[in-house]
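Here's the letter readout for the chains.
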Amino acid sequence: MKTSRIARRSSRLLPGLCALALPLAGWCASSSPKAEQIERGRYLVRVGGCNDCHTPGYGASGGKVPERQWLTGDTLGYSGPWGTTYAANLRRQAAEMTQRQWLAMAQHQPMRPPMPWTSLQAMAPRDLAAVYQYLRWLGPQGDAAPRYLPPGTPPSGPAVVFPAPAGS
Ligand code: HEC
């Protein structure tokens, strides 16, 4: 009885404390509903492979990029028949949107390759909300990724070039 009362009281106190104590994140993460949502978001980002494109150097280093640099977008372009796309700075984006706006974008906005947007649309709303809360928890950092370039406009920086589909 007593323990559950303490647990209930601390679940109200902890989100506030956790917001102040980022270095204690590991401890906070298992302690309150909000922290559990953030932890779920971190898990989904990891199994969803989001860092592979949205975090500079992530794939090349075998994932050895500190979490504070995750999802800040990349200047590496992806050129193909769709033009040239850049993996967005998701942390800045989430910081500028409400959860509702972010969910609407993730569920309905078609995106260009190689963004696996059909996977994003297949995510349950509560999982998308968890990813959003995780992005908000990380906070905005870094510059916006370069703007999308339409077909025929050559990128000025490095780009991975995808061939046109066979037969086209
Ligand atoms: C294979 C590379 C790749 C992976 C993996 C990837 N993305 Fe992306 N993402 C991109 C690219 C490139 C764009 C830009 C697409 C465009 O310009 O239409 C993008 C765009 C987005 C956008 C839209 C941003 C905007 O401002 O319109 C969101 C949201 C997003 N990604 C979330 C995610 C999440 C969440 C994951 C993991 C589940 C993920 N991405 C995995 C490459 C990737």
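Residues numbered from 1 in each chain as written. Predicted model: local features only at pLDDT ≥ 70, side-chain atom pairs only at ≥ 80, totals over all residues. Heavy atoms only, no water.

- Named according to an unreviewed UniProt entry, the chain is Cytochrome C originating from Melaminivora suipulveris.

**Considering the coordination of the iron atom of the ligand**
Piece 1. Taken together, His54 (NE2) and Met115 (SD) make up the protein donors of the iron atom of the ligand, found 2.0 to 2.1 Å from the metal.
Piece 2. The site at the iron atom of the ligand holds 6 donor atoms, and with the angles between them running 89 to 179°, its shape is octahedral. Separated by 61 residues along the polypeptide, His54 in helix H4 (residues 50-54) and Met115 in the loop between helix H6 (99-108) and helix H7 (117-122) bring together distant segments of the chain.
Piece 3. Take His54: its relative accessible area is 9%, and that puts it in the buried class. (Donors = N, O, S within 2.8 Å, 3.2 Å for Na, K, Ca; no water. Tetrahedral: all angles 85-135°; square planar, octahedral: opposite > 155°, others 65-115°. Helix = DSSP H or I, 4+ residues; strand = E, 2+ residues; numbered from the N terminus. Buried < 20%, exposed > 50% of the residue type's maximum accessible area, 1.4 Å probe, protein only.)

**Observations regarding unusual backbone geometry**
Piece 1. Residue Pro114 is reached from Pro113 by a cis peptide bond, and omega for that bond is -5°.
Piece 2. Tracing the sequence through the fold places Pro114 in the loop between H6 and H7.
Piece 3. Within the chain, Leu71 stands out as a residue other than glycine whose phi angle is a positive 60°.
Piece 4. With respect to the element layout, Leu71 can be found in the loop between H4 and strand E1 (77-80).

**Observations concerning the nonpolar core**
Piece 1. Of all hydrophobic cores here, the largest spans 23 residues; its most connected members are Trp70, Leu71, Trp102, Leu128, Val131, Tyr134 and Leu135.
Piece 2. Counting residues per element, this core draws most heavily on helix H8 (residues 125-138), at 8 residues.
Piece 3. Ignoring anything within four residues of it in the chain, the contact list for Leu128 reads Trp102, Leu103, Ala106, Gln107, Leu120 and Met123. (Core = buried A, V, L, I, M, F, W, Y, C linked by side-chain atoms within 4.5 Å. Contact = heavy atoms within 4.5 Å.)

**A word on the pattern of salt bridges**
Piece 1. Evaluated as defined, the whole model comprises 3 salt bridges.
Piece 2. With a shortest N-O distance of 3.1 Å, Arg40 and Asp127 are connected by a salt bridge. Note that Arg40 is positioned in helix H3 (residues 33-47) and Asp127 in helix H8, a separation of 87 residues in sequence.
Piece 3. The residue Glu67 makes a salt bridge to Arg42 at a minimum N-O spacing of 2.7 Å. Linking Glu67 in the loop between H4 and E1 with Arg42 in helix H3, this pair joins segments that are 25 residues apart in sequence.
Piece 4. A relative accessible area of 26% places Glu67 in the partly exposed class.
Piece 5. Given the relative accessible area of 13%, Arg42 is considered buried.
Piece 6. One connected set of salt bridges, linked through shared partners, spans Glu39, Arg42 and Glu67. (Salt bridge = Lys/Arg side-chain N within 4 Å of Asp/Glu carboxyl O.)

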